[in-house]
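# A structural walkthrough
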Amino acid sequence: GALVFASCASCHMRDGGGRPDGSVPRLAGQRPDVLEARLLALAAGAVDLPVMTPFARSLGADEVREVAAWLAGLPAPLEIGVGLGDELKRGRIVFAERCATCHGAGGEGAAGAPRVCGQHAGYVLRRLDGIALSSRADANPAMAAIVAPMEPGLRAAVADYLSRGDCRPPEAP
């Protein structure tokens, strides 16, 4: 997996941490099933990311599994790429109400939904904005229905909360 990932490190960084500005996602600690599905979708042309497509198409099925397992086993480097920290409680509540059913109470991901806890705020916000504005063709329709009505401030609060990596659900009243 590490050998396969070597060609990805120029963008995703050697530790799989991505870019703190959110231009490239953190892959370290991501669920292997999510990574595999994404690479296979890229290779098949189901996702339009021209920079990534040639890399995905160069991988065999075994290499996809190996790199996904290797990345999943890496610790997610936290405390870089975090948001402003001014709406964390609001972000936590909105995430619990609207996102936790699919992404897990702690943002750990479940049943094909990616781990979102610990992802760069800029990346999460960019993806949420793309879904809300219908500019992300590969978005799950159920997620689009949840995200589209969210005002930009709510999306930013959720992104900030998730970026902190301490994604515990809110305590019951």
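Quick look at the structure, then. Each residue is numbered by its place in its chain's sequence as written, counting from 1. Where totals are concerned, whole chains, interfaces and linings use all residues; where local detail is concerned, this predicted model gives features only for residues with pLDDT of at least 70, and gives and counts side-chain atom pairs only at 80 or more. Remark: hydrogens and water are excluded; side-chain values derive from all non-hydrogen atoms of the structure.

## A word on the side chain of His103
Cut-off, in case you're wondering: A helix here means a DSSP run of H or I that spans at least four residues, while a strand means a run of E at least two residues long, and both kinds are numbered starting from the N terminus. Pairs of N or O atoms within 3.5 Å make up the polar contacts considered here, provided that, within protein, one atom can donate a hydrogen while the other can accept it, and that residues adjacent in sequence are counted only when both atoms are side-chain atoms. Should any heavy atoms of two residues lie within 4.5 Å, those residues are considered in contact.
Secondary-structure assignment places His103 in helix H7 (residues 100-103). Only 2.9 Å separates the side chain of His103 from the backbone oxygen of Pro114, close enough to count as a polar contact. Among residues more than four places away in sequence, those in contact with His103 are Phe95, Glu108, Gly109, Ala113, Pro114, Val116 and Met143.

## Describing the pattern of salt bridges
Filter applied, for reference: Whenever Lys or Arg places a side-chain nitrogen within 4 Å of a carboxyl oxygen from Asp or Glu, that contact is recorded as a salt bridge. Only protein chains enter the calculation, and the probe is 1.4 Å; a residue is then buried if its accessible area is under 20% of its type maximum, exposed if over 50%, and partly exposed in between.
Evaluation of the coordinates by the stated rule reveals six salt bridges. Residues Asp33 and Arg31 are paired through a salt bridge, measuring 3.2 Å at the closest nitrogen-oxygen approach. Overall, Asp33 belongs to the partly exposed group, its relative accessible area being 33%. Sharing partners across several salt bridges, the network here consists of Glu87, Arg90 and Glu151.

## A short note on the packing of helix H6 (residues 88-98) against helix H10 (residues 152-163)
Keep this limit in mind: Interaxial angle, 0 to 180 degrees, is taken between N-to-C directions of lines fitted to C-alpha atoms, where a helix line uses only the stretch in contact. Working definition: roughly parallel below 35 degrees, roughly antiparallel above 145 degrees, roughly perpendicular at 65 to 115 degrees, and oblique for all remaining angles. Amino acids outside the nonpolar list (Ala, Val, Leu, Ile, Met, Phe, Trp, Tyr, Cys, Pro) and the charged list (Asp, Glu, Lys, Arg) are all regarded as polar, and Gly is one of them.
Close contact between H6 and H10 brings their axes to 7 Å; oriented N to C, the two are set at 95°. By the angle between their axes, H6 is roughly perpendicular relative to H10. Within the contact between the two elements, H6 uses Leu88, Arg90, Gly91, Arg92, Val94, Phe95 and Arg98 and H10 uses Gly153, Leu154, Ala157, Val158, Asp160, Tyr161 and Leu162. Across the contact of H6 with H10, the residue classes tally to eight nonpolar, two polar and four charged.

## Some words on the environment of His103
Look at His103 and you get buried, because its relative accessible area is 10%. Once the C-alpha coordinates of His103 and Cys117 are considered, the two residues, 14 residues apart in sequence, prove to be 8.9 Å apart.

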